[in-house]
Amino acid sequence: MIWIYLAVFTGAFLFDVIPIPGPPAWMIMLFFYIGYDLNAWFVLIMGVTGSVLGRYVMSLYFGKISHRLITIQKNDDLSFLGNKLSQNRNRAWGLVFLYTLLPMPTTPLFNLMGVAKIKPLTVLPPFFIGKLISDGYMLLAGNIVVKDIPAMLEGMLSLKSLLITIGAMITMAAILFTDWMLLIEHKKFRLKFNVFK
């Protein structure tokens, strides 16, 4: 039976290691939870752990390839933002925790973490706690709402999932195109679109 829980871990890891917004990891957790009648707490712990590790690995490799995709100036700008976030851990933890509770993909957060080289302790603990709460809620709600796997798969292509994906893309664009040095140091907002090589 332990292999099923390892499959939950692996599935959540694979869902969250990709650098573009995709299906949320709770969907694979719900699939195994309902399909194999598993213990909700074990599914939640294994799934969230896989999800957090997947996001962390994604941030590492995305940070390493970002210099090939993004200009030196934008890399410096995002590194500056990362340093500012790392200086005030309480504020960073609060922001990450609240963001994780929102029904938004966390891909932009970890893309930023990788490019800005934010220290893992600035993001991972509140992300883990937030994921336990939000994914736990989705498991409980999903158990009530979802009666069969085809209905869950249809939900992946709903208007809500499309709007969430668009919201994630807008968030990624806002992070990428905002001139963070100007905003933080001089309180002036400016978008810079020439950030790609």
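Details of the structure are given in the entry above.
1. Some details on the pattern of salt bridges
Part 1 of the argument: Counting across every chain of the model gives 4 salt bridges.
Part 2 of the argument: When the shortest N-O distance is used, the salt bridge between Asp16 and Arg55 registers 3.3 Å. Taken together, the residues Asp16 in helix α1 (residues 2-16) and Arg55 in helix α3 (residues 40-69) connect sequence positions 39 residues apart. Considered together, Asp16 and Arg55 belong to a single accessibility category, that of buried residues.

2. Digging into the packing of aromatic side chains
The description of an aromatic ring pair uses the distance of the two centres, along with the angle that the planes make with each other.
Part 1 of the argument: One pass over the structure, following the stated rule, counts 5 aromatic pairs.
Part 2 of the argument: The interplanar angle of 85° and the centroid separation of 5.7 Å between the aromatic rings of Tyr5 and Phe42 together place this pair among those described as edge-to-face. With Tyr5 in helix α1 and Phe42 in helix α3, the pair connects residues that are 37 residues apart, well separated along the chain.
Part 3 of the argument: On the basis of an interplanar angle of 65° and a centroid distance of 4.7 Å, the ring pair of Phe110 and Phe127 is categorised as edge-to-face.

3. Here we look at helix α6 (residues 107-116)
Part 1 of the argument: For α6, the tally of buried residues reaches 10 of 10 residues, placing the bulk of the element in the interior.
Part 2 of the argument: Regarding α6, the residues found buried are Thr107, Pro108, Leu109, Phe110, Asn111, Leu112, Met113, Gly114, Val115 and Ala116.
Part 3 of the argument: Directly beyond the C-terminal end of α6, a positive phi value near 55° is found at Lys117.

4. Remarks on the environment of Tyr5
Part 1 of the argument: We classify Tyr5 as buried; its relative accessible area is 13%.
Part 2 of the argument: As a C-alpha pair, Tyr5 and Gly47 span 42 residues in sequence and 8.3 Å in three-dimensional space.
Part 3 of the argument: Filtering out sequence-adjacent residues up to four positions away, Tyr5 remains in contact with Leu38, Asn39, Phe42, Val43 and Met46.
Part 4 of the argument: Here Asn39 takes part through its backbone nitrogen, which lies 3.0 Å from a polar atom of the side chain of Tyr5.

5. Digging into unusual backbone geometry
Part 1 of the argument: Phi is positive for Asp37, which is not a glycine, with a value near 50°.
Part 2 of the argument: Structurally, the position occupied by Asp37 is in the loop between α2 (25-35) and α3.
Part 3 of the argument: The exposure class assigned to Asp37 is exposed, which follows from its relative accessible area of 68%.
Part 4 of the argument: Positive phi outside glycine occurs at Lys187, with the angle close to 55°.
Part 5 of the argument: Here Lys187 is to be found in the segment after α10 (180-186).
Part 6 of the argument: Lys187 sits in the exposed class, given a relative accessible area of 68%.

What counts and how
- Residues numbered from 1 in each chain as written.
- Predicted model: local features only at pLDDT ≥ 70, side-chain atom pairs only at ≥ 80, totals over all residues.
- Heavy atoms only, no water.
- Salt bridge = Lys/Arg side-chain N within 4 Å of Asp/Glu carboxyl O.
- Helix = DSSP H or I, 4+ residues; strand = E, 2+ residues; numbered from the N terminus.
- Buried < 20%, exposed > 50% of the residue type's maximum accessible area, 1.4 Å probe, protein only.
- Phe/Tyr/Trp six-rings, centres within 6.5 Å; stacked < 30°, edge-to-face > 60°.
- Contact = heavy atoms within 4.5 Å.
- Polar contact = N/O pair within 3.5 Å; in protein donor to acceptor, adjacent residues only side chain to side chain.

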